Amino acid sequence: MAHLFASGNEKQKQDIEKLLLQGRSVRIYPQGYSMYPMFVPGRDEAVIGPLGGKRLKRGDVVLYRRERSILVLHRIWKVSSDGIYLVGDNQTEIEGPLLQQQMRGVLTSFVRNGTEISARHPVYLFYSRLWLLLRPFRQKIASAVHFFRQNTIFCGIMWKRGNKSRNEPTDKIK
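Definitions and cut-offs
Residues numbered from 1 in each chain as written. Predicted model: local features only at pLDDT ≥ 70, side-chain atom pairs only at ≥ 80, totals over all residues. Heavy atoms only, no water. Core = buried A, V, L, I, M, F, W, Y, C linked by side-chain atoms within 4.5 Å. Buried < 20%, exposed > 50% of the residue type's maximum accessible area, 1.4 Å probe, protein only. Helix = DSSP H or I, 4+ residues; strand = E, 2+ residues; numbered from the N terminus. Lys, Arg positive; Asp, Glu negative; His and termini not counted. Salt bridge = Lys/Arg side-chain N within 4 Å of Asp/Glu carboxyl O. Phe/Tyr/Trp six-rings, centres within 6.5 Å; stacked < 30°, edge-to-face > 60°. Lys NZ or Arg CZ within 6 Å of the ring centre and 35° of its normal.

Caption draft 1: Focus on the nonpolar core. Membership of the largest hydrophobic core comes to 17 residues, with the highest contact counts inside it found for Phe 39, Ile 48, Leu 73 and Leu 107. Taken together, the elements giving at least two residues each to this core come down to helix 1 (10–21), strand 1 (26–28), strand 2 (44–50), strand 3 (61–65), strand 4 (71–80) and strand 7 (103–112). One finds Leu 51, Ile 84, Leu 98 and Met 103 within the second-largest nonpolar core, a separate group that totals 11 residues.

Written out as structure tokens, the structure is:
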């Protein structure tokens, strides 16, 4: 679940909602891994803008309040007449229908390694659409990535060890 602050309290979260209602944007540090790989806790910031009458659509990342619960940052799976359906980028289960009144703000940009990237950037839009299409396969993709990372690291260590022993000087017999 993409919670907001490591040290955040309910007062800060209410302040976020008030600022958005006043038409101001806020920067938050998402926590948890429900929006991984889009957001990595401790690395990325999300810039959330007010809804301001914006028509929400598939692929938008929204900040919403679960009924009598926490603020969550997830991507819209679909908008229909019965409500809004959401899913985290690192999840396969769809949550919904949620009401428009539960939506608090929408992602306008994000900050990665000190660089702010617009949510309208073509590469981001491509990623967003692709990731929604891949939803049914996310578990398998994550498993494959994890497997290759582990084995690449293992193979890399073995390769380095193998090269080291080959490059080390040997005693020559005369």
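Caption draft 2: Seen up close, the side chain of Arg 135. Among the structural elements, Arg 135 can be located in the loop between helix 2 (122–133) and helix 3 (138–167). Nearest to the buried, unbridged Arg 135 among oppositely charged side chains is Glu 93, at 9.0 Å.

Caption draft 3: Layout of the packing of aromatic side chains. Counted according to the given criterion, the structure contains 6 aromatic pairs. Where Tyr 127 meets Trp 131, the ring centres are 6.0 Å apart and the plane angle is 15°; that geometry is what we call stacked. Taken together, the residues Tyr 127 and Trp 131, both in helix 2 and 4 residues apart, mark about one turn of the helix. Accessibility expressed as a relative area gives 22% for Tyr 127, which makes it partly exposed. For Trp 131, a relative accessible area of 14% puts it in the buried group. Members of the aromatic cluster, each reached through a chain of ring pairs, are Phe 39, Phe 110, Tyr 124, Tyr 127 and Trp 131. In this arrangement the basic side chain of Lys 78 is found over the ring face of Tyr 85, its NZ or CZ atom lying 4.9 Å from the centre. For the cation-ring pair, Arg 135 lies above Trp 77, with the distance from its terminal atom to the ring centre recorded as 4.5 Å.

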